[in-house]
Amino acid sequence: MKDFAGKTAVITGGGTGMGRELARQLVAEGCNVAMCDVSAAAMAETKRLCEVERLPQGLRVTTHVADVSIEDQLVRFRDELIEQQATDKIHLLFNNAGIGGGGSLFTSTREQWEKTFNICWGGVYLGVRTFMPLLLKADEGHIVNTSSVNGFWATVGPGVSHTAYSAAKFAVKGFTEALMTDLSLNAPHIKCSVVMPGHIGTSIVSNSRKIQTGAESEALTPNEILATRQRLKGMGIDTAGMSDADIQQIALDRARNFLEQAPTSAAAAARIILDGVKAGSWRILVGDDAHKLDERVRQSPENAYTPEFYQNFAKEVGWRLG
Ligand SMILES: NC(=O)c1ccc[n+]([C@@H]2O[C@H](COP(=O)([O-])OP(=O)(O)OC[C@H]3O[C@@H](n4cnc5c(N)ncnc54)[C@H](O)[C@@H]3O)[C@@H](O)[C@H]2O)c1
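As the structure is a computational prediction, the values presented were derived from the model and not from experiment.

## Brief notes about helix α11 (residues 307-317)
- Among all positions of α11, only Phe309, Tyr310, Phe313, Ala314 and Val317 are buried. Mapping the buried residues of α11 onto a view down its axis gives an arc of 115 degrees, with all of them on the same face.
- On its buried face, α11 is in contact with α10 (288-299).

In structure tokens, the structure reads:
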């Protein structure tokens, strides 16, 4: 797809981060956008930002509250889109919504684990199923599924359990790669890409926590304080002398550092994704860290989960994920 003007795009998780920046850049290129998110307030801000520049006449930006892990809500989103965008077709589908958390089979609850898995994998799968009829009606279409570097490397470092997110992101990558053949046989006017971002500056750490716990406040619950202590212990940090307030501060700093110290901004990531779609790339690595990691894991797969691999890599690319 060479240009987006006059087309219609669906973006899941359009409230913040990369989803918001995709919406802004698509609108700036004259593309109609229908987004969903679990946060109406975040989407209202995305819509406001999209409309800061006067929208070209007739361009539509619509917002729809829907949880991508619940099929009925996605179907409602689709029905609302057909009515509010006054169309029965879409050209672009960005399955972008995702959260972290639920990393361990032992120290996370089953509910936490399945929440992450069902959003990160189920949301992509259901998104493709729900919007396929609308993609089939367009003269050309492109599905963009967001995986992660955790779609080919299942860790965020030694000492941190990361099973639900990694399982989901590997699934997104495998599904999208296999979908290429299925589309070429059965719907050749639709292409697809898998997006594998490295560390991108977004609020995913604090957003994930809020979605996992249902809390609006930044204050950790006693269970979260305990989980943070366990996480730090796994990383070799002794928390015995730290107060709960110290632990709270560490969690806040981690979320802020994730946003502020990333090598790639959400806006730069969205540009890379949209350029990748225009170039027809099926694999879109986002950021130098993602490219380097892809090379290293291929060069040395047997060592990919050793502490040395992580430490050397994190040092080389300047990761300070904590
Ligand atoms: N930030 C990174 O470093 C990074 C790296 C690799 C992959 N990713 C992936 O990129 C995607 C976008 O993440 P981001 O970093 O922009 O995070 P973000 O938290 O800024 O944005 C994600 C958005 O998805 C929404 N969301 C969460 N659960 C939802 C649900 N069930 N239904 C609908 N919306 C939901 C959130 O409210 C939020 O607005 C995610 O799939 C994430 O896993 C991010």
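Still to come is the rest of the account.
## Re the pattern of salt bridges
- All chains considered together, the criterion is met by 19 salt bridges.
- For Glu218, the salt bridge is made with Lys210, and the minimal N-O distance between the two is 2.9 Å.
- Owing to a relative accessible area of 35%, Glu218 belongs among the partly exposed residues under this scheme.
- Among the salt bridges present, the one from Arg296 reaches Glu316, with a minimum N-O distance of 2.0 Å. Note that Arg296 is positioned in helix α10 and Glu316 in helix α11, a separation of 20 residues in sequence.
- Relative accessible area serves as the criterion here: at 23%, Arg296 is assigned to the partly exposed category.
- Because the salt bridges share partners, they merge into one network encompassing Glu29, Arg271, Asp275 and Lys278.

## Regarding the sheet that holds strand β2 (residues 32-37)
- Sheet architecture is open: seven strands sit in the order β3-β2-β1-β4-β5-β6-β9, paired in parallel fashion. Looking at the sheet topology across the chains shown, the edges are occupied by β3 (61-65) and β9 (283-286). Going across the sheet, the axis of each strand differs from the next one's by a mean of 15 degrees, ignoring polarity.
- Looking at chain direction, strand β6 (residues 190-197) and β9 are connected through four bridges and run parallel. From the neighbouring strand, Val194 faces β9, where its bridge partner is Arg283.
- Running over the sheet, helix α1 (residues 17-28) touches β1 (8-12), β2, β3, β4 (92-95) and β6 and is turned about 170 degrees from β1.
- Sheet strands in contact with α10 are β6 and β9, and its direction is about 115 degrees off that of β9.

## A look at the environment of Met35
- One can find Met35 in strand β2.
- Residue Met35 is classed as buried on the basis of its relative accessible area, which comes to 0%.
- In this structure, the C-alpha to C-alpha distance between Met35 and Thr221, residues 186 residues apart in sequence, is 31 Å.
- Beyond its immediate chain neighbours, meaning those up to four positions away, Met35 contacts Ile11, Gly14, Ala23, Met43, Thr46, Val61, Thr62, Thr63, His64 and Phe77.

## As for the nonpolar core
- Core analysis: the biggest nonpolar cluster contains 29 residues, and Phe4, Ile11, Leu26, Leu92, Phe94 and Ile273 have the highest contact counts within it.
- Counting residues per element, this core draws most heavily on helix α9 (residues 266-279), at six residues.
- Discounting chain neighbours no more than four positions away, the residues touching Leu26 are Phe4, Ala9, Ile11, Cys31, Val33, Leu92, Phe94 and Leu274.
- Counting residues in each nonpolar core, the second largest holds 25 residues, with Ala34, Ala66, Val68 and Phe131 among its members.

## Let's talk about the site of the ligand
- Inspection of the region around the ligand gives 30 residues, with Asp37, Asp67, Asn96, Tyr165 and Thr202 positioned closest.
- Contacts to the ligand include Val68, whose backbone N or O atom sits 3.0 Å from a nitrogen atom.
- When the free accessible area of the ligand is taken as 820 Å², the share hidden by the protein chains comes to 97%.
- Looking at the shell around the ligand, the elements that each hand over two or more residues are α1, α5 (163-186) and α6 (204-213).
- Per element, the largest residue contribution to the shell around the ligand is three residues, and it comes from α6.
- Here the shell around the ligand is composed, by residue class, of 13 nonpolar, 14 polar and three charged.

What counts, and where the lines are drawn
Residues numbered from 1 in each chain as written. Predicted model: local features only at pLDDT ≥ 70, side-chain atom pairs only at ≥ 80, totals over all residues. Heavy atoms only, no water. Buried < 20%, exposed > 50% of the residue type's maximum accessible area, 1.4 Å probe, protein only. Helix = DSSP H or I, 4+ residues; strand = E, 2+ residues; numbered from the N terminus. Arc of directions from axis to C-beta. Contact = heavy atoms within 4.5 Å. Salt bridge = Lys/Arg side-chain N within 4 Å of Asp/Glu carboxyl O. Pairing = 2+ DSSP bridges. Axes fitted to C-alpha atoms, helices over the stretch in contact; angles between N-to-C directions. Core = buried A, V, L, I, M, F, W, Y, C linked by side-chain atoms within 4.5 Å. Near = heavy atom within 4 Å. Polar contact = N/O pair within 3.5 Å; in protein donor to acceptor, adjacent residues only side chain to side chain. Areas by Shrake-Rupley, 256 points an atom, 1.4 Å probe, with all protein chains shown as cover. Nonpolar A, V, L, I, M, F, W, Y, C, P; charged D, E, K, R; others polar.

From the geometry alone we can't say anything about function, so treat these as descriptive.
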